[in-house]
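# Report on the structure
Listed here are the chains, written in short residue letters.
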Amino acid sequence: MADIIQLLPDHVANQIAAGEVVQRPASVVKELLENAIDANATTITLVIKDAGKTLVQVTDNGSGMSVTDARLSFERHATSKIKSAEDLFNLHTKGFRGEALASIAAIAHVELKTKTADSEIGTHLTIEGSKVISQDPAVVPKGTTISVKNLFYNIPARRNFLKSNPVESRHIIDEFHRVALAHPSVAFQMLHNGSDVFNLPSSNSRQRIVNIFGSKTNEKLVPVSEETEILKIEGFVLKPEFGKKSRGEQFFFVNDRFIKSPYLHHAVSSAFEGLMKNDVHPGYFLFLEVDTHSIDINIHPTKTEIKFDDEHSIYAMLRATVKHSLGQFNIAPVLDFERDKGFDMPYDYSKKSPTAPSIDVDRDFNPFREKPKQGNISFPFKREQAQSWESLYVGLKDGFGSARPPGRSSSGADMEMEFESEEVTGSLFETNEAETGQITFQLQNKYIVSPLKSGMMIIHQNLAHQRILYEELLKNITVKEAVSQQLLFPLQLHFSKPDVEIIEMIREQLEHTGFIFSELKDETIEISGIPVLIVESHVVNLLSQLVHDIKEEVPENDFSQNDMLAKSMAATMAIKTGVSLNREEREHLINQLFACKEPTVSPTNKPVFTTLDVNDLDKKFM
Ligand code: ADP
Ligand code: MG
C-alpha cells in the first residue's frame, strides 16, 4: 500500500488549533487581555463591536514588539515566554503555548500595530486567514493594538454557531472581569459599540471588586487572609446573608490566573455550612498563591484548569481559613434567614387561650341571585406575606374560600392589579343558565375546585396564573403592543453595574412589556413607566429575579430569551399559594386560563390542573 500520511499545511494546523483555543469572541478577549498583561501594560483598553462578532480590539501600553517579533508572534508555537520544558513548571506569565495569535489569525482578519520603547518607528501588520497581507512601518505609540475583525469569517459553521449578542457579550464581560479582578493595579477600560461599559482605575483588590460589582458590594465583603509554607490566601468572601440562589460571584485565582475548580469550590462551600441554606451559594473572590513548581497549568488548552501537587492540603487550608474569617467577623449562624415572619405568633395572641374555630353559614346565600361580573375584576397581588398566619384560619371562619382576613378587602387599592376579562366561548363546565356563577371553592388557599359535567377539576392557582401571565407577556413582547402606566414620580433603582448591563441587554424586550426606562447607566436605573400588569412596589423584586434567572440560564437566542423573560416575569407576578381568592377572582382565573392557548401546562411544564371523574369517585365507594 502506498504511503498515505501527510503533514498538514500550517494554515490547516492553525485552524484546527483554533478550534480548541477560540470558541467564541470571548476567547479572543481573554487571549488578547492576557498578552497585554504579560507585556507589563499598566493601561489596557478593550473595544468591542456587535458582541465581538465584528470587532475585538485590545490596546495596551506594554513592551510592544520589534519588527521581527511582530511577524513571528503569529507563527504557531512562537512564544517569548518559555524556552524549555522545565519552564512549564516555573510560569510567571499568562501565556506560554504560543498558539493564541496563530489560531486567531487563522480564522479572522487581524491587524497589529506595535512599537517598543527603544525604537523610533513601529510596525503595522495585517493578516487574513493565516496569510500576511501587508507589513509596513508605522508611526504608533509605544505598546500594542491588536484588532480582530470578522471572527470565523472563513468557517461559516462556527460563525452560525455563535449565540445571540446578549449571550456573547455576557461571556466577554465574564472574561473581562476575570482578568481585571486578577490585576487590580492595571487600569482597564471597556467600550461596547462606542459606549463605556467599564472604566476601572488602577486600585487595590477591594476597590476593584467594588468598581466592578457596585458600591453596595463593599459592606458585603469579609476579608480572608492566611499564609503557610505551601499556600498564601488573600481575598474576600461575601457575608452569608448575601449568598445567592445562582452561582453569582465566585472567583478563584491561582498565581493571578482565574481558574475553575469544583474541588476548591467545595472547600469554600463547606466552610459556610450552617450559615446558609442548602440551595444558596456563597460568593467569593479568593487569590491563592502557590509555588509555581507545585502546579501544572498545561492540562487544558484554555488554561482554566490546573493540577495541584497537594490538593488535599490546599482544600483543608482553604476551608479552615474561610471558616476562621467568617468566625472572626462575628457572623453568627442564621439557620433560616428566609423564614416567613408572618408565621411568628403576634404578641396579643400568645396570651390568649385558643378558641375552637366556628363555621358561619350564610343562610341568605342564593346562587341564583347574582351573575358574576365580567370585566375589570381586581386581583389581589401577593398579599400572603402580611397575612399568612391569618390565612390559616380564614377557611374555617368564614366558610370555604370566600373568606378574607378581618380588615382586608379584596379591593384594597394599594395592592392590586387589574385584569381585562376576555370573552370565553365554549365551556367545560356545567352551564345551567340560572347557575352561571359556577360553584367553585378554594382548598388550602392553593387549589381551586370546580365541578365539571363529568366530575370535578382541581386547579393549581399559582401555576394557572403563571400560564395566563406568560401567554399575555409573550404576546406583548413579540407583538410589541403592551400598554404602560406612567409613574407620577420616576422610580430610581440601584443595581450593580453588571446587573445594569444585563438589564440593558434585555431593555428592548422589557419595553415591549410596558416598561419605560428614562435612564440606564452605571449602577442606576430610572423607570418612568411600568407594565399595567404589575404594581410599582414589585418592580425591584421582578427585575432582580429576572437578572438572577438570566445569569442562571443564559438564553441561547432571541426567541428563547423572550420565552425566558416571560417565564421569569410570570413566575414573579403570579398569585402565590396561600392567597385566598374570592368567588369572582376564582371564576375570573378559570375563565382566563381556558382562554389560553395551552391551559393544561404551566410555563415550566407542570400540570396546571387535574380532574377527578365521577367513575373514579364511584370506585372509592364500592
Ligand atoms: P503566548 O502568549 O502563549 O506566548 P501568543 O500567541 O498569545 O502566545 O503570543 C505570541 C507572542 O507574541 C508572545 O509570546 C509575545 O512575545 C508576543 N505578544 C503577543 N501579544 C503581545 C502584546 N500585546 N505585547 C507584546 N508582545 C506580545
Ligand atoms: Mg498569549
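Let me begin by describing the structure that accompanies this report. Treat the numbers as computed from the prediction; the structure is a model and nothing was measured.

### Looking at the overall build of the chain
Within the chain one finds 18 helices and 24 strands. Among the 622 residues that make up the chain, the fraction classed as buried is 48%. Summarising the internal contacts of the chain: among those between residues at least 6 apart in sequence, 71% fall at separations of at least 24. Put simply, the chain shows about 31400 Å² of open surface, and 52% of that area lies on carbon and sulfur atoms.

### Observations regarding the sheet that holds strand β5 (residues 131–138)
With respect to topology, eight strands assemble into an open sheet ordered β5-β4-β3-β6-β2-β1-β7-β8, the strand pairing being mixed. In this open sheet, the two strands that pair with only one neighbour each are β5 and β8 (195–200). Between one strand and the next, the sheet's axes are offset by a mean angle of 10°, whatever the strand orientation. The sheet contacts of helix α2 (residues 25–38) involve β1 (43–49), β2 (55–60), β6 (143–149) and β7 (187–192), and relative to β2 the element is tilted by about 10°.

### Remarks on the site of ligand 1
Near ligand 1 there are 19 residues, and of these Asn35, Thr79, Ser80, Lys81 and Gly98 occur at the shortest range. At 2.9 Å, a side-chain N or O of aspartate 60 approaches a nitrogen atom of ligand 1. For ligand 1, the protein covers 93% of the area, taking 530 Å² as the surface of the free molecule. In the shell around ligand 1, the residues fall into six nonpolar, nine polar and four charged.

### Regarding helix α7 (residues 205–213)
All of the buried residues along α7 are Arg208, Ile209, Val210, Ile212 and Phe213. Of the residues that open α7, the one with a side-chain oxygen 3.2 Å from the backbone nitrogen of arginine 206 is asparagine 204. Backbone geometry just downstream of α7 places glycine 214 in the positive-phi region, at approximately 105°.

### What to know about the nonpolar core
Core analysis: the largest hydrophobic core is formed by 59 residues, its most contacted members being Leu32, Ile44, Leu46, Val148, Phe188, Met190 and Phe285. Viewed by domain, this core spans two of them, domain 1 (10–200) and domain 2 (212–328), each represented by three or more residues. The contacts of methionine 190, once residues within four sequence positions are left out, are Leu46, Ile48, Ile172, Ile173, Phe176, Ser195, Asp196, Val197 and Phe198. Residues Val500, Ile502, Phe515 and Leu533 belong to the second largest nonpolar core, which totals 34 residues.

### Concerning the pattern of salt bridges
As enumerated under the stated definition, the model contains 16 salt bridges in all. Between arginine 97 and glutamate 99 there is a salt bridge whose closest N-O contact spans 2.7 Å. A relative accessible area of 24% means that arginine 97 is categorised as partly exposed. Here glutamate 587 and arginine 583 are joined by a salt bridge, their closest N and O atoms 3.4 Å apart. Of the two residues, glutamate 587 and arginine 583 are both situated in helix α17 (residues 583–593); the distance of four residues between them amounts to about one turn of the helix. Residue class for glutamate 587 comes out buried when judged on its relative accessible area of 4%. Each of Glu504, Arg507 and Glu511 takes part in one network of salt bridges that share partners.

Calculation rules
Residues numbered from 1 in each chain as written. Chains lettered and ligands numbered in written order. Predicted model: local features only at pLDDT ≥ 70, side-chain atom pairs only at ≥ 80, totals over all residues. Heavy atoms only, no water. Helix = DSSP H or I, 4+ residues; strand = E, 2+ residues; numbered from the N terminus. Buried < 20%, exposed > 50% of the residue type's maximum accessible area, 1.4 Å probe, protein only. Contact = heavy atoms within 4.5 Å. Areas by Shrake-Rupley, 256 points an atom, 1.4 Å probe, with all protein chains shown as cover. Pairing = 2+ DSSP bridges. Axes fitted to C-alpha atoms, helices over the stretch in contact; angles between N-to-C directions. Near = heavy atom within 4 Å. Polar contact = N/O pair within 3.5 Å; in protein donor to acceptor, adjacent residues only side chain to side chain. Nonpolar A, V, L, I, M, F, W, Y, C, P; charged D, E, K, R; others polar. Core = buried A, V, L, I, M, F, W, Y, C linked by side-chain atoms within 4.5 Å. Domains from an automatic or database assignment. Salt bridge = Lys/Arg side-chain N within 4 Å of Asp/Glu carboxyl O.

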